[in-house]
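Chain residues, written in single-letter form:
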There are 2 protein chains.
Amino acid sequence: MTGESSRITAQGRARAGAGARADARRNRERVLAAARAVFAEHGIDAPMATVARRAGVGVATLYRHFPTRDALVRGAYQRQMETCARALTDALDEPDPWQGFQRLVETVCELQREERGFPAAFLGAFPQSTAEQAQAREQAERAFTALVRRAQAAGELRADFHPSDLAVVLLAHCGLVTALPDDRAASRRLVAYLLQSFRADGAAARPLPPPAALALRDLPIASVSPPGRRLFDA
Amino acid sequence: MTGESSRITAQGRARAGAGARADARRNRERVLAAARAVFAEHGIDAPMATVARRAGVGVATLYRHFPTRDALVRGAYQRQMETCARALTDALDEPDPWQGFQRLVETVCELQREERGFPAAFLGAFPQSTAEQAQAREQAERAFTALVRRAQAAGELRADFHPSDLAVVLLAHCGLVTALPDDRAASRRLVAYLLQSFRADGAAARPLPPPAALALRDLPIASVSPPGRRLFDA
DNA sequence: CCTCAAACGGACGATGTCGTCCGTTTGCGA
DNA sequence: TCGCAAACGGACGACATCGTCCGTTTGAGG
């Protein structure tokens, strides 16, 4: 029999982690970078082979590192996901209750705005069911609820704001940046409007970021003649 | 030579219109109904063959009536698109400026909320370029701008609302209902928040519809342990 | 330097969708 | 009732993507 040590080392080796071979580690990073680039350009459903080619590796290498598209997507945007989670803890560290709340929303939306494929990944991961992460979830949920309660107690967040409204905001924003990946002004504008409406003292209308770059005429609604009569009946 | 009349009639016949054969007209309607059903269930990208099977027709019949998927989608949601366009004219008929504005937003969002596949169709049609409809577009754009100006002049719509914000609202809402087709409460909630923030007198916080049905724990953000330290470090 | 397991890459069969072609059926006018 | 063009339906070839298999290369420990 050959030595057990080498056999064990080989089997139990973390995936392209510290103990992995140098080329494996390098290729893993290349694939992740390529995935972000390709996903940004062609969307999350881009062919796996395209990612592999862009990374300069064979498809087999890609599949070896990431057996499913889902694993690849998660790998590609892990950093963003972690930043989201960290924003939650940072928000509670913020002394001002409203600032903390506002920063959380803005940080997550900014992440969605800046990294092209991330919103789709975020949406795709939406109805998650990895039992292993249940605990982390529960903690995060409690953390956000605490954040909400604190801002409400300070009289800055409207009393009827419900924690689930965060999901409403993020999903809506996701949709916007997915539809208009280039128009950051639109994203900022939406966030500003929403934060405005979350304030308990809706009173003082707050200044808005500059208007969106998109033209209204691009809307489908504007390209269908209404049946029956014409606008401004000429 | 055979009679010209029959030849001309056959060639120039409107697609499954009044002059078409009975079975053709019937099948066209069946296909449209099937398309709505299938799109609602499996999304707009569902295989054409699935639609054909559901309609009880062959694929060839489907393609004969709708040569491209795009044509099918447009056909399936033409009524909704027209209702959108009509809402624009109706809004101007409304005597109260704010009511008119509010009704427009609510009507369009309700359409997106009620018919499953419509939001995706709406998004898909977004950067349209059918030159033929340029005039109708321009008219609709002017109509909406007029609606905005009127509500602003009445001091009910905030002065810095920009007509392009309508697109922001609709795209965001589209994203939300696409992500949560079953949660109408979430949609109503978003619309209420947005309309609130559009009011010039943001002051009086308006009552909100009941909270969304979704659980916060479904958010991806809640399923990633923040790196570095734990929430509520136990 | 030598050895070997780990890692690699590309070819290939499987799968699913598209859209056309063509033989058959059917509605409708004569 | 008859005849024909319009409409129909399903089979089929083209095409794209998937994910595995296997022969080859390579990094690293001895």
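Conventions adopted
Residues numbered from 1 in each chain as written. Chains lettered and ligands numbered in written order. Predicted model: local features only at pLDDT ≥ 70, side-chain atom pairs only at ≥ 80, totals over all residues. Heavy atoms only, no water. pLDDT = per-residue confidence, 0-100. Contact = heavy atoms within 4.5 Å. Near = heavy atom within 4 Å. Polar contact = N/O pair within 3.5 Å; in protein donor to acceptor, adjacent residues only side chain to side chain. Helix = DSSP H or I, 4+ residues; strand = E, 2+ residues; numbered from the N terminus. Salt bridge = Lys/Arg side-chain N within 4 Å of Asp/Glu carboxyl O. Buried < 20%, exposed > 50% of the residue type's maximum accessible area, 1.4 Å probe, protein only. Axes fitted to C-alpha atoms, helices over the stretch in contact; angles between N-to-C directions. Parallel < 35°, antiparallel > 145°, perpendicular 65-115°, else oblique. Nonpolar A, V, L, I, M, F, W, Y, C, P; charged D, E, K, R; others polar. Core = buried A, V, L, I, M, F, W, Y, C linked by side-chain atoms within 4.5 Å.

Enquirer: Would you mind showing me how to read the confidence of the model for chain A here?
Expert: Segments scoring low in pLDDT should not have their predicted coordinates read at a detailed level. Taken as a whole, chain A shows an average pLDDT of 84; of its residues, 78% reach a score of 70 or greater. Taken as a whole, residues 225-234 of chain A scores under 50 in pLDDT and shows 18 contacts with residues more than four places along the chain or in a different chain.

Enquirer: Explain the protein's contact with DNA strand D to me, please; I cannot follow it from the model alone.
Expert: Lining the immediate environment of DNA strand D, one finds 22 residues, of which Arg 21, Asn 27, Ala 60, Thr 61 and Arg 64 of chain B sit closest. When atoms of DNA strand D within 4 Å of the protein are sorted by moiety, sugar and phosphate together comprise 59%. Separating a phosphate oxygen of DNA strand D from a side-chain N or O atom of Tyr 63 of chain A is a distance of 3.3 Å. Contact distances for DNA strand D include 3.0 Å between a phosphate oxygen and a backbone N or O atom of Gly 58 of chain B. Secondary-structure elements contributing two or more residues to the surface near DNA strand D are α2 (22-42) and α4 (59-65) of chain A together with α2 (22-42) and α4 (59-65) of chain B.

Enquirer: Sorry if this is basic, but what is going on with the pattern of salt bridges here?
Expert: Here the idea is simple: oppositely charged side chains can pair when their charged atoms come close. Residue and element names in this part refer to chain A. Summed over all chains, the structure comprises 18 salt bridges over all chains. Note that Glu 114 and Arg 113 form a salt bridge whose closest N and O atoms lie 4.0 Å from each other. Judged by its relative accessible area of 36%, Glu 114 falls in the partly exposed class. Arg 184 is the partner of Glu 114 in a salt bridge, and the nearest nitrogen-oxygen pair spans 2.7 Å. Separated by 70 residues along the polypeptide, Glu 114 in helix α7 (residues 97-114) and Arg 184 in helix α11 (residues 184-198) bring together distant segments of the chain.

Enquirer: I tried to follow the packing of α11 of chain A against helix α11 (residues 184-198) of chain B on my own but got confused; where do I start?
Expert: Helix packing geometry: the angle between the two helix axes and the distance between the axes. Following both chains from N to C, one finds α11 of chain A and α11 of chain B inclined at 90 degrees, their axes separated by 8 Å at the closest point. By the criterion of interaxial angle, the relationship of α11 of chain A to α11 of chain B is roughly perpendicular. Between α11 of chain A and α11 of chain B, the contacting residues are Leu 190, Tyr 193, Leu 194, Gln 196, Ser 197 and Phe 198 of chain A on the first element and Leu 190, Tyr 193, Leu 194, Gln 196, Ser 197 and Phe 198 of chain B on the second. Considered class by class, the residues forming the contact of α11 of chain A with α11 of chain B number eight nonpolar, four polar and no charged.

Enquirer: Before we go on, may I ask you to explain the nonpolar core in this structure?
Expert: A general trend in soluble globular proteins is that nonpolar side chains are found buried together. Leu 72, Phe 101 and Phe 198 of chain A together with Leu 72, Phe 101 and Phe 198 of chain B are the most contacted members of the largest nonpolar core, which has 123 residues in total. Setting aside residues no more than four positions away along its own chain, Phe 101 of chain B makes contact with Phe 144, Leu 147, Val 148, Leu 157, Phe 161, Leu 195 and Phe 198 of chain B.

Enquirer: Before we go on, may I ask you to explain helix α5 (residues 69-76) of chain A in this structure?
Expert: Within α5 of chain A, burial applies to Ala 71, Leu 72, Val 73, Gly 75 and Ala 76 of chain A. Summarising the contacts, the buried residues of α5 of chain A are in contact with α2, α3 (48-55), α4, α6 (78-93) and α8 (118-124) of chain A.

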